[in-house]
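The lines below spell out each chain.
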Amino acid sequence: MRRLCLLPLVFALTCAESQPYGVEIDGEQIPVIDMHLHPGDWDSIPPETRSYLTERFPFPFKLNAAKLAAGILSPSGIVEELDAAGIHAGVLFAVYAPRTVGIATNELVIRGVGQYPRRLLGLASLRVDRWATDSASQLARLEAALSKEGMIGIKLAHAHMHFRMDDPAYFGIYELAGRLGKAVYLHTGSSPFPGTSREPAYTDPTYLEPAIAAYPQTIFILGHLGYDFANRQPGALEACLELARRYPNVYLEPSALGSEGSDPDGENFKKTFERIKESGVIDRVIYGSDGPQSPGFVATYLERTVAAMQAAGYTADEVRAVLSGNFVRVFGREWLIQ
Ligand SMILES: [Zn+2]
């Protein structure tokens, strides 16, 4: 796959040669899949979170954040960000967290995946805020969403959705995932968003162990590697590595923690990749950015990730495993990177 240069016409001559997709390491072109992207509807994001996000848009974008966000958060806006970053494919997340980050419905994700079937896949989600009365219907809706083309797993964020990681009342979600052969992606670590739960039972992946052990058929992807976003510290990284070492159904996803805002000098990110290598679990890391956030974030996050892996001494094969190889081993669909 080749990517087109999107620079204005005046620069067209300088980029007559289209750039290949992927990142170049030691002369090898390595394909990339970004497993963590948020499509959205700006109007459904709670006001405090909207201002939090607006602050992160660089000048002059923050002057018209609503219009910009509406464009960049649409499936076509996201595909443009992937193109600009040279990324082959991405995974859209549905989110049901009305009190914190807002709602991106399964239907929205399914529509986006349907619009770009060769570029986008999706994770479905569900509401858990009335679980005592509607768990059966929520699980049925989730199952229906997962039956749609390109829907490869379930997105959960205990801290945003306010349920404990070790509460067996919700284990039906993990059971369903295993039965359908879908993965579960879980936000781990503290969240920077207003209104999220900060206690360990909602953020520390150690609390997931009973579920991980009870459902060996279910793949658990520990998002953000337990990073403590509130204090910009590695947080529960060691707990994530320990779980990955002990359970073959545990995977790790390094999104957001290495961003300019969360790790300004890139030191924590580099140390994180060193610890992953020392722990012998590079084969469990699946790349994601947590974009699109703001224009260019998806591309910058990929650059920062590659820089951190190179600083940590990763070989081209190890970089390849993280950026797309492990994804394809877990989810198939090798055609995404061809
Ligand atoms: Zn996210």
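The following paragraphs examine the structure supplied in this document.

What counts, and at which threshold
Residues numbered from 1 in each chain as written. Predicted model: local features only at pLDDT ≥ 70, side-chain atom pairs only at ≥ 80, totals over all residues. Core = buried A, V, L, I, M, F, W, Y, C linked by C-beta atoms within 7 Å. Buried ≥ 20, exposed ≤ 12 C-beta atoms within 10 Å, placed from the backbone. Helix = DSSP H or I, 4+ residues; strand = E, 2+ residues; numbered from the N terminus. Contact = placed C-beta atoms within 7 Å. Axes fitted to C-alpha atoms, helices over the stretch in contact; angles between N-to-C directions. Parallel < 35°, antiparallel > 145°, perpendicular 65-115°, else oblique. Left-handed = near helix turned anticlockwise from the far one by under 90°. Nonpolar A, V, L, I, M, F, W, Y, C, P; charged D, E, K, R; others polar. Expected span 1.5 Å × (residues − 1). Pairing = 2+ DSSP bridges. Arc of directions from axis to C-beta.

### What about the nonpolar core?
And step 1. Ala124, Ile154, Val184, Phe220, Ile221, Leu222 and Cys240 are the most contacted members of the largest nonpolar core, which totals 98 residues.
And step 2. In terms of residue count, helix H12 (residues 297-311) provides more of this core than any other element does, 7 residues in total.
And step 3. If we ignore the near neighbours within four places in the chain, the residues touching Ala124 are Ala94, Asn106, Val109, Leu142, Ala145, Leu146, Met151 and Ile154.

### What about the packing of helix H11 (residues 267-278) against H12?
And step 1. Here H11 crosses H12 at 55 degrees, and the two axes come no closer than 8 Å. Taken together, H11 and H12 sit at an angle that is classed as oblique. The hand of the H11/H12 crossing is right-handed. Contact residues: H11 offers Phe269, Lys270 and Phe273, while H12 offers Arg304, Ala308, Met309 and Ala311.
And step 2. Of the residues belonging to the contact of H11 with H12, the class tally is 5 nonpolar, no polar and 2 charged.

### A short note on helix H13 (residues 316-331)
And step 1. In this model H13 runs 21 Å from its N-terminal to its C-terminal C-alpha over 16 residues, within 8% of the 22 Å that 1.5 Å per residue would give.
And step 2. Burial in H13 covers these residues: Glu318, Val319, Arg320, Ala321, Val322, Leu323, Ser324, Gly325, Asn326 and Phe327.
And step 3. Immediately downstream of H13, the backbone of Gly332 shows phi near 70 degrees, a positive value.

### Digging into the sheet that holds strand S12 (residues 220-223)
And step 1. Overall, parallel pairing links the 7 strands, which are arranged S5-S6-S9-S10-S11-S12-S13 in an open sheet. Sheet topology places strand S5 (33-37) and strand S13 (250-253) at the edges, where each strand pairs with a single neighbour. Across the sheet, the mean angle separating the axes of adjacent strands is 25 degrees when strand polarity is ignored.
And step 2. In the sheet, S12 pairs with S13 via 4 bridges, with the strands oriented parallel. Residue pairing in the sheet places Ile221 in a bridge with Tyr251 of S13.
And step 3. Against the sheet, helix H10 (residues 237-246) touches S12 and S13, its axis set at about 145 degrees to S13.

### Some details on unusual backbone geometry
And step 1. The step from Gly291 to Pro292 runs through a cis peptide bond, and the omega angle for that step is 5 degrees.
And step 2. Here Pro292 shows up in the loop between H11 and H12.
And step 3. Its identity is not glycine, yet Ala256 carries a phi of approximately 70 degrees, on the positive side.
And step 4. Within the secondary structure layout, Ala256 lies in the loop between S13 and H11.

### A look at the pairing of strand S6 (residues 89-93)
Along any regular strand, the residues point their side chains to alternate faces of the sheet.
And step 1. For S6, the tally of buried residues reaches 5 of 5 residues, placing the bulk of the element in the interior.
And step 2. Because side chains alternate across S6, one face comprises the buried residues Ala89, Val91 and Phe93, and the other comprises Gly90 and Leu92, equally buried.
And step 3. As defined by bridge partners, S5 adjoins S6 across 3 bridges and the pair is classed as parallel. Among the inter-strand pairings, Leu37 is bridged to a residue of S6, identified as Leu92.
And step 4. Direction of pairing for S6 relative to strand S9 (residues 120-124): parallel, over a ladder of 4 bridges. Residue pairing across strands places Val91 opposite Leu121, the latter belonging to S9.

### Observations concerning H12
And step 1. In this model, H12 (15 residues) spans 21 Å end to end at C-alpha, consistent with the 21 Å of a helix rising 1.5 Å per residue.
And step 2. Among all positions in H12, only Phe297, Val298, Tyr301, Leu302, Thr305, Val306, Ala308 and Met309 are buried. Take H12 and look down its axis: the buried residues cluster within an arc of 165 degrees, on one side only.
And step 3. For H12, the elements touching its buried residues are strand S3 (23-25), S5, helix H3 (75-85), H11 and H13.
And step 4. Positioned one or two residues after H12, Gly313 has a phi angle of 80 degrees, which is positive.

### So, the environment of Val128
And step 1. Looking at the element boundaries, Val128 is found in the loop between S9 and helix H5 (131-146).
And step 2. Residues Val128 and Gln138, 10 residues apart in the sequence, show an inter-C-alpha distance of 7.8 Å.
And step 3. For Val128, the contacting residues outside a window of four places in its chain are Met161, Phe163 and Tyr170.

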